[in-house]
Amino acid sequence: MQKGAHASVHDSALLAKRRRQRRHRKVLAVIAIVLAVVLVGGGTAFGIFAMQLDSKLALDDPSQEDAINSVLTPAELSKPFYALVIGSDSREGSGTSSAAAESGDNQRSDVMILMRVDAPNHLVTMVSIPRDTPYYLEDGSIVKINEAYNMGGAAETIKAVSELTGVPISHYAEVHFSELQTVVDNLGGVTVSVPMEISYEDALTGETVTIQPGEQTLNGQQAQIFARARHEYGDNQEAKRQSNVRQLAEAIMRKALDRPFYELPGTILGLADCVGTDLKTGDFVSLASAFVGGSGELTVYSGAGPSTGDYNDAVGGLWLCYENEQGWADLMAVVEAGENPEGMDFESTNTGNAVPRN
């Protein structure tokens, strides 16, 4: 192919991307304007919609609300803020471990994504928290950070991630993987880039599902597998799985924004089926308005925290990430500056200790 042809293909792809970004912004604008007008007018339709949405978004365990709110730091939605998204799964038989404490309702939060939302600059940054990151309990003992959810619920997880990253967390959302399959199917599938062939047994059906490498449009079952598969990767297994999860989250968001406007209420309610959060309908109206009022096109950055580590006999043979306070500080400095953390190298800041120093 000649040089001019390369440029033509590149320009066409860039133009298509810009058109998609403009369409996403227009959709956000219409959502914000329509919802705001109906809200101010006290419309019955919006009132019913808001009640339905708030009911679906409510946290599963109301008794946890006070504990969660006590560890959240209030922030204006029109300014950059941090939100923690965790993936929980209580599907019967879906645990990845044979240990009772790691199955069913006691399963740990293997997916933890810290999000920096900068509405005025149309920027969302996702940072995966490696599940094997060491976390100190009050009695001085050390566990993996994903154990915090099993021991103290969402509030303990928020506290753990805030301490690790050094940033205040203002909002919280819990995504139920058990409903993810239905959400993706209702969207008509989502398109992602599969790094390699993945074969994985569906925990509920017992069926082995194979996903081919390359750009693929996944149905709900395949999306579940894409988000769960880990052992297929020879090295950096958890980092690669978390990358898949972030890619899937972005694909769902962009597919939802591509829906025709008249389908948006149903789409929003459908997405809400798999999410529990402290945010309310009015908060989403304010947030959408802030995005519309900002400058530039929607940008999504993605990265992960330090994930290399080793087994440690001192803590029962757990595989833990190496201590890397400097690595986390460097990462969060990039995120806070609104820059892209993708591909950051933390090897030079690893201490080589699988257990943090006192």
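Refer to the structure above for everything that follows.
Just so we're clear, the structure is a prediction, and the values are computed from it rather than from any experiment.

Conventions used here
Residues numbered from 1 in each chain as written. Predicted model: local features only at pLDDT ≥ 70, side-chain atom pairs only at ≥ 80, totals over all residues. Heavy atoms only, no water. Helix = DSSP H or I, 4+ residues; strand = E, 2+ residues; numbered from the N terminus. Contact = heavy atoms within 4.5 Å. Areas by Shrake-Rupley, 256 points an atom, 1.4 Å probe, with all protein chains shown as cover. Buried < 20%, exposed > 50% of the residue type's maximum accessible area, 1.4 Å probe, protein only. Pairing = 2+ DSSP bridges. 1 Å grid on protein atoms, 1.4 Å probe; cavity = no way out; pocket = protein on both sides within 12 Å on 5 of 7 lines; lining within 4 Å. Points joined across faces, edges and corners; volume = space filled by probe spheres on them. Nonpolar A, V, L, I, M, F, W, Y, C, P; charged D, E, K, R; others polar.

Draft legend 1. Focus on the overall build of the protein. When helices and strands are tallied, the protein shows ten helices and 14 strands. For the protein, contacts bridging at least 24 residues in sequence account for 70% of all contacts bridging at least 6. Accessible surface, the protein as shown: approximately 17300 Å² in total, 52% of it carbon and sulfur.

Draft legend 2. Region of the structure containing the pairing of strand β6 (residues 171-176). Counted residue by residue, β6 has six buried out of six residues, so it is predominantly covered. Side chains His171, Ala173 and Val175 of β6 all project onto a buried face; the interleaved residues Tyr172, Glu174 and His176 project onto the opposite face, where all are buried too. Looking at chain direction, strand β1 (residues 81-88) and β6 are connected through six bridges and run parallel. In the strand pairing of β6, Ala83 is matched with His171. In this structure, β6 lies alongside strand β11 (residues 275-277), joined through three bridges in antiparallel fashion. In the strand pairing of β11, Glu174 is matched with Gly276.

Draft legend 3. Spatial organisation of empty space enclosed by the protein. For the structure on display, the rule yields three cavities of 30 Å³ or more. Approximately 1500 Å³ is the volume attributed to the largest cavity. Looking at which element gives the most residues to the lining of the largest cavity, the answer is helix α7 (residues 237-257), with eight residues. Of the residues that constitute the lining of the largest cavity, the class distribution is 43 nonpolar, four polar and one charged. Within this model, the second largest cavity holds a volume of roughly 40 Å³. What lines the second largest cavity is simply Ser128, Pro130, Glu238, Ala239, Gln242, Ala304, Gly305 and Ser307. Looking at the lining of the second largest cavity element by element, the count peaks at three residues for α7. Counted by class, the lining of the second largest cavity contains three nonpolar, four polar and one charged residues.

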